[in-house]
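# Per-entry structural report
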Amino acid sequence: MSRLFVAVFPAEEAVDHLRRYLPASAARRPEKWHVTLAFLGDVPGPDVPSVVAALADVPLPGLINLRLAGSGTFGAVLWAGVHGSLEQLTAFREDIRTALAAADFPIDARPFRPHLTISYRHDRRLAAILDGYSGPSWPVTEFALVDSVEGDYLPIWSKSLSGTP
């Protein structure tokens, strides 16, 4: 079984900026920071190529620029907000959802709230620090199918948004 999700990862400059802004204890594992577009959950290994085929046919969006700013929570989860081309990002996410559903891989029907998870334990001091954050804008250049394996996120397929690998 593979535990899969589709995501975009912030540009290195955006990750670096946020990492330097946060206390060192809160900036652990920045290589895992991402914006989830679709969570598929457990998918049998033989079905992974079908997921990839569905994603390969997703129409490419126009230019999407994002920026991390502010914060919020889902229960104990603390996250950085995502701002910028949210209409384009949401439309792209819906195209991904449609393609996956057409291939019999339905995803969570909850409303899309783009965010980047910082911590799974709520910390008021960290929330206050993050609330005043505003990072640099970056263009989304690719999206990826990612496998969550024992706490690590392993991209197993990606596609450039410019249409070239």
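Everything in this summary refers to the structure shown in the same document. (Residues numbered from 1 in each chain as written. Predicted model: local features only at pLDDT ≥ 70, side-chain atom pairs only at ≥ 80, totals over all residues. Heavy atoms only, no water.)

### Concerning the sheet that holds strand 6 (residues 134–139)
Within a sheet, neighbouring strands are paired by backbone hydrogen bonds and run either parallel or antiparallel to one another. So the rule is basically this: In this description, strands pair whenever DSSP reports at least two bridges between them. Every helix listed is a DSSP run of H or I at least four residues long, and every strand listed is a run of E at least two residues long, numbered separately from the N terminus. The angle between two axes is taken between their N-to-C directions and runs from 0 to 180 degrees, where each axis is a line fitted to C-alpha atoms and a helix contributes only its stretch in contact.
Pairing is antiparallel in the open sheet, where four strands are placed in the order 5-4-3-6. With one partner strand each, in any of the chains shown, strand 5 (115–119) and strand 6 form the two edges of the open sheet. In this sheet, neighbouring strand axes are inclined to one another by 35° on average, regardless of whether the strands run parallel or antiparallel. Of the strand pairs in this sheet, strand 4 (residues 77–84) and strand 5 are connected by four bridges, and their pairing is antiparallel. Residue G81 lies in a different strand from strand 5, and its bridge partner there is H115.

### Quick notes on the environment of R97
Using the following cut-off: Pairs of residues are marked as contacts when any of their non-hydrogen atoms sit within 4.5 Å.
Note on placement: R97 falls in helix 3 (residues 86–102). Setting aside residues up to four positions removed in sequence, R97 forms contacts with I107, D108 and A109.

### What to know about unusual backbone geometry
The phi angle at D104 is positive, at roughly 65°, despite the residue not being glycine. Following the sequence through the fold, D104 ends up in the loop between helix 3 and strand 5. The phi torsion at E150 lies on the positive side, around 50°, for a residue other than glycine. With respect to the helices and strands, the residue E150 is situated in the loop between strand 7 (142–149) and strand 8 (152–160).

### Remarks on the pairing of strand 4
Residues in a regular strand point their side chains to alternate faces of the sheet. Our working rule: Categorising residues by exposure relies on relative accessible area from a 1.4 Å probe, with only protein chains included: less than 20% of the type maximum marks a residue as buried, more than 50% marks it as exposed, and the intermediate range marks it as partly exposed.
Most of strand 4 sits out of view: six of its eight residues are buried. Where strand 3 (residues 65–74) lies against strand 4, seven bridges are found, and the strand directions are antiparallel. Within the sheet, the bridge partner assigned to S71 lies in strand 4 and is A80. Connecting strand 3 to the next strand, strand 4, in antiparallel fashion are two residues, including G75 with a positive phi near 60°.

### Details of the pattern of salt bridges
Threshold: For salt bridges, the criterion is a side-chain nitrogen of Lys or Arg within 4 Å of an Asp or Glu carboxyl oxygen.
Enumeration according to the criterion identifies six salt bridges in this entry. The salt bridge involving R29 is made with E31; its shortest N-O contact spans 2.9 Å. For E94, the salt bridge identified is with R93, shortest N-O distance 3.2 Å. E94 sits in the partly exposed class, given a relative accessible area of 33%. Of the residues examined, R93 reaches a relative accessible area of 7% and is grouped as buried.

### A word on the nonpolar core
For clarity, the threshold we go by: Residues enter a nonpolar core if they are buried and are Ala, Val, Leu, Ile, Met, Phe, Trp, Tyr or Cys, with the set joined through side-chain atoms within 4.5 Å.
Ranked by size, the top nonpolar core spans 47 residues in total, and within it V6, L55, I96 and L100 carry the most contacts. Ranked by size, the runner-up nonpolar core spans five residues in total, among them F5, A144, V146 and Y153.

### Section: the side chain of D147
Spelled out, the test is: The charged-residue count follows a simple rule in which Lys and Arg add positive charge and Asp and Glu add negative charge, with His and chain termini not counted at all. Side-chain atoms alone can form a polar contact between residues adjacent in sequence; in general such a contact is a pair of N or O atoms within 3.5 Å, and within protein one must be able to donate a hydrogen while the other accepts it.
Following the sequence through the fold, D147 ends up in strand 7. No salt bridge is formed by the buried D147; its nearest oppositely charged neighbour, R3, is found at 7.9 Å. A polar contact is formed between the side chain of D147 and the side chain of S2, at a distance of 3.4 Å. A polar side-chain atom of D147 sits 3.1 Å from the main-chain amide nitrogen of R3.

### With respect to the environment of L37
Looking at where L37 falls in the secondary structure, it is placed in strand 2 (residues 35–43). The class for L37 is buried, based on a relative accessible area of 1%. Sequence-wise, L37 and F5 are 32 residues apart; in three dimensions their C-alpha atoms are separated by 7.5 Å. Once you skip the residues sitting within four places of it in the chain, L37 turns out to touch V6, A7, V8, L89, F92, R93, I96, I107 and F112.

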